[in-house]
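Tertiary structure, described
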Amino acid sequence: MSYYFAIIGTQDNPLFEYEFGTSKQGGDGQSRFSEQARHLNQFILHSSLDIVEEVQWTSGQLYLKVIDKFFNNYISCFMTAGNVKFLLLHQPTTPVSSTSTRNSTSIGANPQSPQTEEAIKNFFTEVYENYVKAIMSPFYKVNMEIRSPVFRSRVAAAGRKYL
């Protein structure tokens, strides 16, 4: 499964972007987005912001689960108390056709399974903890792009750990 993670600020500006692939079940951690899809990822995430704004007022939760689907891409969202949005676009691996009618419980094969939802929630929670540590820096200003290599490596580690 390929992932595109972005942190969107309060003025709908991107604060952080990171693209990676699954490290579970023999994955190498490299994203498998096509070259054309790479150009569309940012657009797809930003187009789901309207849905995020609708859902955030109907749900009292910070983790909004899968909020949108665009062709074979699913968008999950986590809101912070400061109205900063963590968006994760995940593109499931194309399932190999089999004669079995049983659904796969693999994270890459079923993007809306409880196991996948739990893994994404854990990923968001860990990234949120690291985000709070990053913005507590006296040199950080609100809606400023996060350029810290330490933060980037911690997001990568959370991706390897949970996704």
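Heads up: the structure comes first, above all this text.
Before going into details, it helps to say that this report is about the structure given with it. Because the structure is a prediction, the values reported are computed rather than measured. (Residues numbered from 1 in each chain as written. Predicted model: local features only at pLDDT ≥ 70, side-chain atom pairs only at ≥ 80, totals over all residues. Heavy atoms only, no water.)

So, unusual backbone geometry
Stated precisely, the cut-off is as follows: Working definition: helices are DSSP H or I runs of at least four residues, strands are E runs of at least two. Numbering for both runs from the N terminus. To sort residues, take the accessible area from a 1.4 Å probe on protein chains only and compare it with the maximum for the residue type: under 20% means buried, over 50% means exposed, and anything in between is partly exposed.
With a phi close to 50 degrees, Phe 71 is a non-glycine residue in the positive phi region. Here Phe 71 lies in the loop between strand S3 (63–70) and strand S4 (73–79). Exposure remark for Phe 71: the relative accessible area of 68% places this residue in the exposed category. Unusually for a residue other than glycine, Asn 83 sits at a positive phi of about 70 degrees. Residue placement: Asn 83 occurs in the loop between S4 and strand S5 (85–91).

As for helix H2 (residues 49–58)
Since one α-helical turn is 3.6 residues long, residues separated by three or four positions face the same way. Rules: Starting at the helix axis, one direction is taken to each C-beta atom, and the arc is that of these directions.
Here H2 has its buried residues at Leu 49, Val 52 and Gln 56. Projected down its long axis, H2 carries its buried residues within an arc of 45 degrees, all on one side. Residues of H2 that are exposed and point over 90 degrees away from its buried face: Asp 50, Glu 54, Trp 57 and Thr 58.

Side note on the pairing of strand S2 (residues 14–21)
Successive side chains on a regular strand alternate, one facing one side of the sheet and the next facing the other. Under the convention used in this document: For two strands to be treated as a pair, DSSP must find no fewer than two bridges joining them.
For strand S1 (residues 2–8) and S2, the ladder comprises seven bridges, and the chain directions are antiparallel. Residue pairing for S2: Tyr 4 is matched across the bridge by Glu 19. In this structure, the hairpin formed by S1 and S2 is closed by a connection of five residues, where Asp 12 is found at a positive phi of approximately 60 degrees.

What about the sheet that holds S5?
How we decide: Think of each axis as a best-fit line through the C-alpha atoms, taken over the contacting stretch in the case of a helix, with angles from 0 to 180 degrees between the N-to-C directions. Contacts were defined at the residue level, with two residues in contact if any of their heavy atoms lie within 4.5 Å.
Read from one edge of the open sheet, five strands run S2-S1-S5-S4-S3, paired in antiparallel fashion. Each edge of the open sheet is held by one strand with a lone partner, namely S2 and S3. Neighbouring strand axes in the sheet, compared pairwise and without regard to direction, differ in orientation by 20 degrees on average. Strand direction decides the pairing type here: S3 and S4, joined by six bridges, are antiparallel. Along S4, the bridge assignment pairs Lys 69 with Tyr 74. The strands that H2 touches are S1, S3, S4 and S5; relative to S3, the one it contacts most, it runs at about 145 degrees. The sheet contacts of helix H4 (residues 149–162) involve S1 and S2, and relative to S2 the element is tilted by about 40 degrees.

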